[in-house]
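In case you want the letters, here they are:
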Amino acid sequence: TQLLEQSPQFLSIQEGENLTVYCNSSSVFSSLQWYRQEPGEGPVLLVTVVTGGEVKKLKRLTFQFGDARKDSSLHITAAQPGDTGLYLCAGDDQGAQKLVFGQGTRLTINP
Amino acid sequence: AAGVIQSPRHLIKEKRETATLKCYPIPRHDTVYWYQQGPGQDPQFLISFYEKMQSDKGSIPDRFSAQQFSDYHSELNMSSLELGDSALYFCASSLGAASEQFFGPGTRLTVL
């Protein structure tokens, strides 16, 4: 099973600051997904990156897939309290259907 | 837009009892996945079905079984429940076996 390492696992910053969350692996993934999960709810898909070097933007969120398709990052600009939540990266396990998840980054944005 | 529906949302059972969790995928989605998420942990893949056939299997205990029906809904049957089975159980669906997965709201199972 391929492993995904997310960092940091916890991050608490002030409103208006910028932040980056990393998702790294020694394995190649055909695609990586980023999800956001609220307590007691299901993960909500934010984005899927497929091509090495790909950059996708979703308002203040920028997602990047590494050239070698082994890592990804999520950058949030001018963070807002509404961005608070658990962010999970997930990749297809050796091209199979199942997703393998990173440990998650619990983000807290303080007003 | 219609999302994945799971029922029940909450379930409390005693040890050694059985439980059945249901999942209704997004309309036209033909693939269903089941995941288990323990407290403070990331979701772990259990099993998946594509076009009503089991397509992949993860760390699903032998006490659990699942199937996908002709209308594409799926049920996860759990027997001889143990305290350690207490977790959030998520169903996800996709259109095609290698497509983006969309998750349901989950069923919180508590085994007493």
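Residues numbered from 1 in each chain as written. Chains lettered and ligands numbered in written order. Predicted model: local features only at pLDDT ≥ 70, side-chain atom pairs only at ≥ 80, totals over all residues. Heavy atoms only, no water.

Asker: Explanation requested: the sheet that holds strand S3 (residues 19–24) of chain B in the structure shown.
Answerer: Strand pairing in a sheet relies on backbone hydrogen bonds. The paired strands run either parallel or antiparallel. Residues and elements named next belong to chain B. On the basis of which strands lie adjacent, the open sheet formed by four strands has the order S1-S3-S8-S7 and antiparallel pairing. Of all strands in the sheet, those bounded by a partner on one side alone are strand S1 (5–7) and strand S7 (64–68). Neighbouring strand axes in the sheet, compared pairwise and without regard to direction, differ in orientation by 15 degrees on average. Of the strand pairs in this sheet, S3 and strand S8 (residues 74–78) are connected by five bridges, and their pairing is antiparallel. Looking at S8, one finds that Thr-20 is bridged to Asn-77. (Pairing = 2+ DSSP bridges. Helix = DSSP H or I, 4+ residues; strand = E, 2+ residues; numbered from the N terminus. Axes fitted to C-alpha atoms, helices over the stretch in contact; angles between N-to-C directions.)

Asker: Honestly, the packing of aromatic side chains in this entry has me stumped. Any pointers?
Answerer: For any pair of aromatic rings, geometry is given as the distance between the ring centres together with the angle between the planes. Scanning all chains against the criterion turns up nine aromatic pairs over all chains. Relative to Phe63(A), the ring of Trp34(A) has its centre 6.3 Å away and its plane inclined at 50 degrees; by these criteria the two rings are tilted. Within this pair, whereas Trp34(A) is found in strand S4 (residues 32–37), its partner Phe63(A) is found in strand S7 (residues 61–65), the two being separated by 29 residues in sequence. Judged by its relative accessible area of 0%, Trp34(A) falls in the buried class. The exposure class of Phe63(A) is buried, given its relative accessible area of 0%. On the basis of an interplanar angle of 45 degrees and a centroid distance of 5.9 Å, the ring pair of Tyr35(A) and Phe101(A) is categorised as tilted. Of this pair, Tyr35(A) sits in strand S4 while Phe101(A) sits in strand S10 (residues 99–101), and the two are 66 residues apart along the sequence. Judged on exposure class, the residue Tyr35(A) and its partner Phe101(A) are both buried. Among the aromatic residues, ring-to-ring pairing joins Tyr35(A), Phe101(A), Tyr35(B), Phe45(B), Phe90(B) and Phe103(B) into one connected group. (Phe/Tyr/Trp six-rings, centres within 6.5 Å; stacked < 30°, edge-to-face > 60°. Buried < 20%, exposed > 50% of the residue type's maximum accessible area, 1.4 Å probe, protein only.)

Asker: Help me out: how do you make sense of the nonpolar core in this one?
Answerer: General note: in soluble globular proteins, nonpolar side chains tend to be found buried as a group. Membership of the largest hydrophobic core comes to 22 residues, with the highest contact counts inside it found for Leu21(B), Trp34(B), Leu76(B), Met78(B) and Tyr89(B). Elements represented by at least two residues in this core include exactly S3, strand S4 (31–37), strand S5 (44–50), S7, S8, strand S9 (87–94) and strand S11 (107–111) of chain B. Setting aside residues no more than four positions away along its own chain, Leu21(B) makes contact with Ser7(B), Leu11(B), Trp34(B), Ser74(B), Glu75(B), Leu76(B), Met78(B), Tyr89(B) and Thr107(B). In this structure, Leu19(A), Tyr87(A), Val100(A) and Ile109(A) belong to the second largest nonpolar core, which totals 21 residues. (Core = buried A, V, L, I, M, F, W, Y, C linked by side-chain atoms within 4.5 Å. Contact = heavy atoms within 4.5 Å.)

Asker: It is not clear to me how the interface of chain B and chain A should be interpreted in this structure. Could you clarify?
Answerer: Where the parts come together, the accessible area they lose is often given as the size of the interface. Taken together, the contacts link 22 residues of chain B with 16 residues of chain A. Linking chain B with chain A are one salt bridge, by the criterion used here. Where Glu41(A) meets Arg9(B), a salt bridge forms, and the shortest distance between an N and an O atom there is 3.7 Å. Inspection of the chain B/chain A interface yields four residue pairs in polar contact (both at pLDDT 80 or more). If you list the elements that add at least two residues to the side of chain B that touches chain A, you get S4, S5, strand S6 (53–57), S9 and strand S10 (102–103) of chain B. (Salt bridge = Lys/Arg side-chain N within 4 Å of Asp/Glu carboxyl O. Polar contact = N/O pair within 3.5 Å; in protein donor to acceptor, adjacent residues only side chain to side chain.)

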